[in-house]
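Single-letter residue listing:
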Amino acid sequence: MAEERDCVIAGGGPAGMMAGLLLARAGARVTVLERHPDFLHDFRGDTIHPATLQLMAELGWLDEFLRLPHQKAPDLHAEIAGQQVTIADFSRLPLDCRYIVFMPQWDFLNFLAEKAQELPDFSLRMGHGVSGLLRENGRIHGVIWQDTSGAKGEIRAPLVIGADGRHSVVRTKAGLEVQDFGSAVDVLWLRLTRLPDDPVPAMSHAGPQQGLVLIDRGDFWQCGYVIRKGSFDDLKARGLPAFRAALAALAPLPAGRFDEIQGWDQVHLLSIRMDRLKRWWAPGVLCIGDAAHAMSPVGGFGVNLAIQDAVAVANILARPLREGRLQDADLARVEARRRFPTKATQGLQRMMRRKRNEKGEAAPRPPGFIRAIARFPLLAHAMGRLIGMGFRPEHVKEVPGHGVD
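Calculation criteria
- Residues numbered from 1 in each chain as written.
- Predicted model: local features only at pLDDT ≥ 70, side-chain atom pairs only at ≥ 80, totals over all residues.
- Heavy atoms only, no water.
- Salt bridge = Lys/Arg side-chain N within 4 Å of Asp/Glu carboxyl O.
- Helix = DSSP H or I, 4+ residues; strand = E, 2+ residues; numbered from the N terminus.
- Buried < 20%, exposed > 50% of the residue type's maximum accessible area, 1.4 Å probe, protein only.
- Pairing = 2+ DSSP bridges.
- Axes fitted to C-alpha atoms, helices over the stretch in contact; angles between N-to-C directions.
- Parallel < 35°, antiparallel > 145°, perpendicular 65-115°, else oblique.
- Left-handed = near helix turned anticlockwise from the far one by under 90°.
- Contact = heavy atoms within 4.5 Å.
- Nonpolar A, V, L, I, M, F, W, Y, C, P; charged D, E, K, R; others polar.
- Phe/Tyr/Trp six-rings, centres within 6.5 Å; stacked < 30°, edge-to-face > 60°.
- Arc of directions from axis to C-beta.

Novice: Give me the pattern of salt bridges: which residues, what numbers.
Specialist: Considering all chains together, one arrives at 21 salt bridges under this definition. Across the pair glutamate 394 and arginine 337 runs a salt bridge whose closest N-O atoms are separated by 2.9 Å. With glutamate 394 in the segment after α11 (379-389) and arginine 337 in helix α9 (residues 328-352), this pair connects stretches of sequence that are 57 residues apart. The residue glutamate 394 makes a salt bridge to arginine 338 at a minimum N-O spacing of 2.9 Å. One end of the pair, glutamate 394, is in the segment after α11; the other, arginine 338, is in helix α9, and 56 residues separate them in sequence. Side by side, glutamate 394 and arginine 338 carry an identical accessibility label, which is buried.

The structure is reproduced here in C-alpha cells:
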C-alpha cells in the first residue's frame, strides 16, 4: 500500500529542504526525497545572501547558523582596467547581516536537515530518487521512488513539489514546458591550495577578460574558470600545461602555483544554462528553485532565489495543505508571487554578463552596466541592495499553534 502524505518533495537541495522544513513547521506532513546518499557534493552553489541570513534570524537560528564554518564578504569586487573595483556594497542594507556568507552547501543543508528532523511531521529519505509520477483523473497524486538498491515504492500526496534541480525529473514527467535563454559559456571549477602569504581579495579576482574567480575557502581557493560553451574537450586536447598557463595569466598568484593541477579529474565542468518554465505548475505538482528557473552563477543568486521560493510555498500552501483543500489556484498564486523576482533577477544577470561574439569570445571590455558602477561608486550600494535583498524578499510567517496567517 502506498504511503500517504500531505506533500512529497523531490530534491533535498536548498529549495526542497527549506520548503519541507517550513511546511512541516506549519503542520503539514512532508517527505523529502533526495537521490544522493549524502549532501557531500563539491562545487554546488554556496553563496548565501543577506536576505537568506535574515530568514535565519526570523527563525531564531542566525547565531547558531553563523557558528558553522564560513567566510564573510561585505562587498564584491571585479578587476576593470587593471584596478579592483567595488561592484556591490552591502554596508547600507536595512538587515541584521550586511554581508554575503560563503558556506559549503553540504553544511547549510545538514543544518536545515537537523532542524527539520526535530519536527514530527517531517521525513527525509536520502538515497531515494523520484522515477515517476502517480496520475489519476488528470491530476498528479504522488510519486514513484527508487532507492540506491533498486527498491521501488510509492508515496501518495495531493501535492508534489519538484525541487530536483535544472535536470528535474518532476518537471519532465509532468510535461512542463521550458523556455531556454541559452548561455555562451561554461565554468570549470577546481581547488588550489591557499598559502598564508597569498593576496587576500575581498571576494574574488576577475582577470582582464573577467575569466577567473577565486573564492577564499580558508585553506584552499575555489577557482572558477570561464570557457566557451562546449569547448572543454578542445581545452583538454591542448593539454594541462596550456591550461595551467591560461589560469596563471588571469590569477594574482605565481604561475608555479598551478603546478598542483596534475590531472583533469581535478577539474569539474559546470554546464551553464539559464531557463524558466513557461508555467511552474500542473494539477497536483509545482516546481521551484532550479527546477523552475535555472540561473547563471553570476551574482550567486541561485541558492537564494530557491530559498525565497520555498518561503513563498510555505506561506501560501501550508494552510490549504493541512486542511485538505489545496486547489490549482493556490499553486498559481505561488508562481504569481515568484515569477517577477525570477524574471527580474535573470534580467539583471544578463546585464552583468559580458557580450560574446559568434565564436564565444568575450568582448574586450566589461558590460556597460558594470562600467557604470565603476564610474559612479554610489551605484555599488544600489547593486548591493539588488543582490543582497533581491527584488521581492520573502519573510517567514509566524505559526501560532499550527495556523499560518
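Text resumes after the structure shown.
Novice: For the sheet that holds strand β13 (residues 159-162), give the residues involved together with the corresponding values.
Specialist: Across a sheet, strands are paired by hydrogen bonds formed along the backbone, either parallel or antiparallel in direction. One open sheet holds the 6 strands; their spatial order is β9-β3-β2-β13-β21-β20, and the pairing between them is mixed. A strand with exactly one partner marks an edge of an open sheet, and here the two such strands are β9 (122-126) and β20 (281-282). Bridge count between strand β3 (residues 30-34) and β9: 5 bridges; the pairing is parallel. Each residue of the ladder has a partner; that of threonine 31, found in β9, is serine 123.

Novice: How would you summarise the packing of helix α2 (residues 50-58) against helix α8 (residues 302-322) if you had to cite specific residues and measurements?
Specialist: For the pair α2 and α8, interaxial distance at closest approach is 9 Å and the crossing angle is 40°. Between α2 and α8, the interaxial angle falls into the category oblique. The crossing of α2 and α8 is left-handed. Facing α2, whose interface residues are Ala51, Thr52 and Leu55, α8 presents Asn304, Ile307, Gln308 and Val311.

Novice: Explain the packing of helix α1 (residues 14-25) against α8 residue by residue, including any values.
Specialist: Direction vectors running N to C along α1 and α8 enclose 30°, while the axes themselves pass 8 Å from each other. Between α1 and α8, the angle is such that the two are roughly parallel. As for the relative orientation of α1 and α8, their crossing is right-handed in sense. Contacts between α1 and α8 involve Pro14, Ala15, Met18, Ala19, Leu22 and Leu23 on the former and, on the latter, Val303, Ala306, Ile307, Ala310, Val311, Val313, Ala314, Leu317, Ala318 and Leu321. When the residues that make up the contact of α1 with α8 are grouped by side-chain class, the tally is 16 nonpolar, no polar and no charged.

Novice: Hey, could you go over the environment of threonine 86 for me, with residue numbers and the actual values?
Specialist: If you trace the backbone, threonine 86 turns up in strand β7 (residues 83-89). When its relative accessible area of 26% is taken as the criterion, threonine 86 is described as partly exposed. The spacing of threonine 86 and alanine 374 is 288 residues in sequence and 7.2 Å in space, taken between C-alpha atoms. Setting aside chain neighbours within four positions, we find threonine 86 in contact with Asp75, Leu76, His77, Ile373 and Ala380.

Novice: Go over the packing of aromatic side chains with me, naming the residues and quoting the values.
Specialist: Per the stated rule, a full pass over the model turns up 7 aromatic pairs. Centroid distance tyrosine 225 to phenylalanine 243: 5.8 Å. Interplanar angle 65°. Geometry classified as edge-to-face. Highlighted residues: tyrosine 225 in strand β17 (residues 220-228) and phenylalanine 243 in helix α7 (residues 240-250), separated in sequence by 18 residues. You'll find tyrosine 225 and phenylalanine 243 in the same group, each marked buried. Measuring from centroid to centroid gives 6.2 Å for phenylalanine 340 and phenylalanine 391, while their planes differ by 80°, and the two rings are edge-to-face. In this pair, phenylalanine 340 is assigned in helix α9 and phenylalanine 391 in the segment after α11, connecting sequence segments 51 residues apart. By relative accessible area, phenylalanine 340 is classed as partly exposed at 44%. Taken together, the ring pairs connect Trp61, Phe65, Phe108 and Phe111 into an aromatic cluster.

Novice: Outline α7, supporting the account with residue identities and numerical values.
Specialist: For α7, the full list of buried residues reads Leu240, Phe243, Arg244, Leu247, Ala248 and Leu250. Take α7 and look down its axis: the buried residues cluster within an arc of 165°, on one side only. Exposed positions of α7 whose direction lies more than 90 degrees from the buried face are Pro241 and Ala249. Its buried side turned inward, α7 meets β15 (185-193), β16 (212-216), β17 and α6 (232-238).

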